[in-house]
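Examining the three-dimensional arrangement
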Amino acid sequence: MNKEFFEALEELSIEKGINKNYILDAIETALLTAYKRNFNSQENVKIVIDEEKASIKVYSLREVVEEVFDPAIEIELSDARKIDKKANLGDIVEVEITPANFGRISAQTAKQVIVQKLREAEREIVFSEYSDRQGEIVSGIVQKVDKNIVIVDLGRIEGIMTLNEQIPGEVYSVNDKIKAYVVEVQKNSKGVPQMIISRTHPGFVRRLFELEIPEIYEGLIEIKNIVREPGSRTKIAVYSKDMNIDPVGSCVGPRGIRIQNILNELKNEKIDVVEWSEDPVQYIASALSPATVLAVDIDEENMSSKVVVPDNQLSLAIGKDGQNARLSAKLTGWKIDIKSETQIKGEV
């Protein structure tokens, strides 16, 4: 190695923000392995990189003894004092054993180490850049669809969307532009940073509302809870402390114009925006929207409720396969038993 190598290494460390000593330590470790592999050595050796002299040398560490039994790890006192005049029995002296062709091995090894460390540093930079984006919405281009996994190009990082994170019924093709919610930023088994992204996470709907409804973004309207069966239906409970703001009307907008972009993004998944209330009776009645509720009787001890709806609203309140009732129960946290007027009269 020459001085140009060390000067280039200095520039590289500044440009890439990698500690030069960190790279040199890694090169020393790699050279130690390379020496033992190439020269089949069992000696206790150390590598010394001297920047000022632009040199790399190999030293054998040997114990000073009266009589040598293993020259690979021992040295006689008289020989040791030729290297170090102060050497005594039991001391360790360093004997230079740098092979004639070690320069070529050093250059190859150093190049491999630097490439590896640069790759690791780049990965760390990317990971640091994206690690705080958990919970955000990102946009990217579908790069690959394979075995129910969609891989999305997000710029300097790759997005992974597994089958559970894909909206049922959606079909993804290469070069499609999609939005998704960042569930987690992690490193794969090879240390490569990647994003776990989702289009089914309730947080995806929350972020879409924050992007499309200014009052939510500004904090004038609060999202209290979201429950979702992706691709089918979502219920979202909203609330405002300002009595002059209609939280539901503000989210939906005239003729649904404000919520339309969200519906388009979710491929017209049904969204019920309901008003949150401290009063469980009122909250449960709102949660069962779009059904009309006549009465709610609650059992606070068991967190259960009995709801009465008009005869012609029973199927709507329950929903297909019980979906509306199921989501309403999840949204409110109350068990909900729905009866029609006729059923209640019959029981009485």
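All figures in this text were calculated on a predicted structure; none of them were measured in a lab.

**Brief notes about the overall build of the protein**
Per the secondary structure count, the protein includes twelve helices and 15 strands. Taken over the C-alpha trace, the protein has a radius of gyration of 35 Å; the compact-globule value for 348 residues is 20 Å, which it surpasses by more than 25%. Taken along the three principal axes of its C-alpha coordinates, the protein extends 110 × 45 × 40 Å. Within the protein, the proportion of its 348 residues that are buried is 42%. In the protein, the share of contacts with a sequence separation of at least 24, taken over all contacts with a separation of at least 6, comes to 58%. Counting only carbon and sulfur atoms, one obtains 47% of the accessible surface of the protein, whose full area is about 19,800 Å². Computed over 45 positive and 58 negative side-chain charges, the separation of the two mean positions in the protein equals 4 Å.

**Comments concerning the environment of V205**
By the element assignment, V205 lies in helix α5 (residues 202-212). Assessed through its relative accessible area of 0%, V205 is described here as buried. A C-alpha to C-alpha distance of 20 Å links V205 and I141, two positions 64 residues apart in sequence. The contacts of V205, once residues within four sequence positions are left out, are I226, R228, T234 and L266.

**Some words on the nonpolar core**
Counting residues in hydrophobic clusters, the biggest one holds 38 residues, and the most contacted among them are M195, I197, F209, I236, L266, I271 and V273. If you tally residues by element for this core, the top one is strand β8 (residues 177-187), at five residues. Formed by 32 residues, the second largest nonpolar core is a distinct cluster that contains I23, A30, I75 and A110.

**Observations concerning the sheet that holds strand β15 (residues 335-340)**
Backbone-to-backbone hydrogen bonds join strands into a sheet, with any given pair of strands oriented parallel or antiparallel. With respect to topology, three strands assemble into an open sheet ordered β13-β14-β15, the strand pairing being mixed. Two strands in the sheet have a free side with no partner beyond their single neighbour: β13 (295-299) and β15. Direction aside, the axes of adjacent strands within the sheet are offset by 20 degrees on average. Note: strand β14 (residues 304-309) against β15, six bridges, orientation parallel. Counterpart to V308 in the pairing with β15 is K339. Its contacts with the sheet place helix α9 (residues 280-287) against β13, β14 and β15, and it is angled at close to 125 degrees to β13.

**A few points about a negative patch on the surface**
On the surface, a cluster of negative charge is contributed by E4, E7, E11 and E15. Note that E11 resides in helix α1 (residues 3-16). On the accessibility criterion, E11 (56% relative accessible area) is exposed.

**Focus on the packing of α1 against helix α4 (residues 102-130)**
Contact geometry for α1 and α4: axes closest at 12 Å, N-to-C directions at 10 degrees. Between α1 and α4, the crossing angle belongs to the class labelled roughly parallel. Two secondary-structure elements touch here, α1 through F5, L9, L12 and K16 and α4 through A110, I114, L118, E122 and I125. Tallied by class, residues from the contact of α1 with α4 come to seven nonpolar, no polar and two charged.

**Observations concerning the pairing of strand β7 (residues 158-161)**
In terms of strand pairing, strand β6 (residues 149-153) meets β7 through four bridges, oriented antiparallel. Pairing of I151 across the sheet is with I160, part of β7. Here β6 folds back onto β7, and the loop between the two strands holds four residues, one of which, G155, carries a positive phi near 105 degrees. Where β7 and strand β9 (residues 193-198) come together, three bridges link them in parallel fashion. In the sheet register, I160 faces β9, and the bridge partner there is I196.

**What about the packing of helix α2 (residues 20-38) against α4?**
Relative orientation of the contacting elements α2 and α4 amounts to 135 degrees, with a least axis distance of 9 Å. As summarised for this structure, α2 and α4 are arranged oblique, according to the angle between their axes. Where α2 crosses over α4, the two elements pack in a sense that is right-handed. In this structure, α2 uses Y22, I23, A26, I27, A30, L31, A34, Y35 and N38 to contact α4, whose residues at the interface are F102, I105, S106, T109, A110, V113, I114, K117 and E120. Counted by class, the contact of α2 with α4 contains 13 nonpolar, three polar and two charged residues.

Conventions we followed
Residues numbered from 1 in each chain as written. Predicted model: local features only at pLDDT ≥ 70, side-chain atom pairs only at ≥ 80, totals over all residues. Heavy atoms only, no water. Helix = DSSP H or I, 4+ residues; strand = E, 2+ residues; numbered from the N terminus. Rg over C-alpha atoms; globule rule 2.2 N^0.38 Å. Buried < 20%, exposed > 50% of the residue type's maximum accessible area, 1.4 Å probe, protein only. Contact = heavy atoms within 4.5 Å. Areas by Shrake-Rupley, 256 points an atom, 1.4 Å probe, with all protein chains shown as cover. Lys, Arg positive; Asp, Glu negative; His and termini not counted. Charge placed at Lys NZ, Arg CZ, Asp CG, Glu CD. Core = buried A, V, L, I, M, F, W, Y, C linked by side-chain atoms within 4.5 Å. Pairing = 2+ DSSP bridges. Axes fitted to C-alpha atoms, helices over the stretch in contact; angles between N-to-C directions. Patch = residues over 30% accessible without salt bridge, like charges linked within 9 Å, V, L, I, M, F, W, Y side chains within 5 Å. Salt bridge = Lys/Arg side-chain N within 4 Å of Asp/Glu carboxyl O. Parallel < 35°, antiparallel > 145°, perpendicular 65-115°, else oblique. Nonpolar A, V, L, I, M, F, W, Y, C, P; charged D, E, K, R; others polar. Left-handed = near helix turned anticlockwise from the far one by under 90°.

Any functional reading would require information beyond the geometric quantities listed.
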